Amino acid sequence: MSAADAAGGLLTEVDHVAIAVNDLDAAVAWYGEVFGATVAHREKVERDGVEEALLAVADSYVQLLTPTRPDSPVAKFLESKGEGIHHVGYRVDDCAVALQRVKDAGGRVIDEAPRPGSRGTTVAFVHPKTSFGTLIELVQE
């Protein structure tokens with residue numbers, strides 16, 4: 001049993017705050033010029049239709065996301081809401097256990113089962129209608 005489970009919580013840390021942007025290179029450059037942030041990881045996630053750049057902030061990340069195709073969820077988000085915070089990623093020890101806890105509580109999920117994420121992680125998304133308007137990504141490293 002992990003320390004989080006012993007304390008009753010499944011969320012162990014904030015993994016990242018994801019920000020949807022129209023121009024990934026411009027956003028990366030701005031964070032670099034203004035805050036001195038550097039890219040710790042950059043990857044295209046074909047399954048989700050996005051390209052991401054992770055900027056390390058202590059033990060967490062700012063995840064800058066841009067769509068790679070017009071039908072991706074991030075493209076739809078940008079079209080309807082514009083640039084801004086897209087979701088919050090929380091680290092969990094076991095993504096399947098955390099996802100099941102959401103389902104057992106009657107929550108809506110986007111992913112019925114955990115799936116591969118970027119950086120070799122396992123992820124699952126919780127619908128924002130369940131979590132007070134915030135899209136949540138459960139991230140297992």
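Before reading further, recall that the structure is shown in the block above.
My aim in this report is to walk through the structure given alongside it, one point at a time. (Residues numbered from 1 in each chain as written. Predicted model: local features only at pLDDT ≥ 70, side-chain atom pairs only at ≥ 80, totals over all residues. Heavy atoms only, no water.)

1. Quick notes on the sheet that holds strand β7 (residues 122–126)
Alright, step 1. Read from one edge to the other, the open sheet built from 8 strands follows the order β2-β3-β4-β1-β5-β8-β7-β6, with strand pairing classed as mixed. Either end of the sheet is taken by a strand with one partner, and the two such strands are β2 (39–45) and β6 (115–116).
Alright, step 2. Note that β7 and strand β8 (residues 136–140) share 5 bridges and pair antiparallel. By the bridge assignment for β8, Val123 is matched with Val139.
Alright, step 3. Packed on one face of the sheet, helix α2 (residues 24–35) meets β1 (11–20), β2, β3 (50–57) and β4 (60–67) and runs near 155° to β4.
Alright, step 4. On top of the sheet, helix α4 (residues 95–104) reaches β5 (84–92), β7 and β8; it is set at about 15° to β7, its chief contact. (Pairing = 2+ DSSP bridges. Helix = DSSP H or I, 4+ residues; strand = E, 2+ residues; numbered from the N terminus. Contact = heavy atoms within 4.5 Å. Axes fitted to C-alpha atoms, helices over the stretch in contact; angles between N-to-C directions.)

2. Considerations on the pattern of salt bridges
Alright, step 1. A full pass over the atoms with the stated rule returns 11 salt bridges.
Alright, step 2. Put simply, Arg91 and Glu13 hold a salt bridge, and the shortest N to O gap is 3.0 Å. Here the residue Arg91 occupies a position in strand β5, and Glu13 occupies one in strand β1, the gap between them amounting to 78 residues.
Alright, step 3. For Arg91, a relative accessible area of 8% gives the class buried.
Alright, step 4. Exposure remark for Glu13: the relative accessible area of 37% places this residue in the partly exposed category.
Alright, step 5. Linked by salt bridges that have partners in common, Glu13, Asp15, Arg91, Arg119 and Glu141 make up one network. (Salt bridge = Lys/Arg side-chain N within 4 Å of Asp/Glu carboxyl O. Buried < 20%, exposed > 50% of the residue type's maximum accessible area, 1.4 Å probe, protein only.)

3. Focus: the nonpolar core
Alright, step 1. By size, the foremost hydrophobic cluster in this structure holds 11 residues: Leu10, Val92, Cys95, Ala98, Leu99, Val102, Val109, Ala124, Val126, Ile136 and Leu138.
Alright, step 2. Of all the elements in the fold, those that place two or more residues in this core are α4, β7 and β8.
Alright, step 3. It is α4 that contributes the most residues to this core, 4 residues altogether.
Alright, step 4. Excluding anything up to four places from it in sequence, Ala98 contacts Leu10, Val92 and Leu138.
Alright, step 5. One finds Val21, Leu24, Val28 and Leu55 within the second-largest nonpolar core, a separate group that totals 10 residues. (Core = buried A, V, L, I, M, F, W, Y, C linked by side-chain atoms within 4.5 Å.)

4. Description of the pairing of β5
Alright, step 1. Sheet analysis places β1 next to β5, joined by 8 bridges and oriented antiparallel. From the neighbouring strand, Val14 faces β5, where its bridge partner is Tyr90.
Alright, step 2. Pairing of β5 with β8, which is carried by 4 bridges, proceeds in the parallel orientation. The residue of β8 that forms the bridge with Gly89 is Glu137.

5. Focus on unusual backbone geometry
Alright, step 1. In this structure, Ala58 is a non-glycine residue whose phi angle is positive, near 55°.
Alright, step 2. Judged by its relative accessible area of 77%, Ala58 is exposed.

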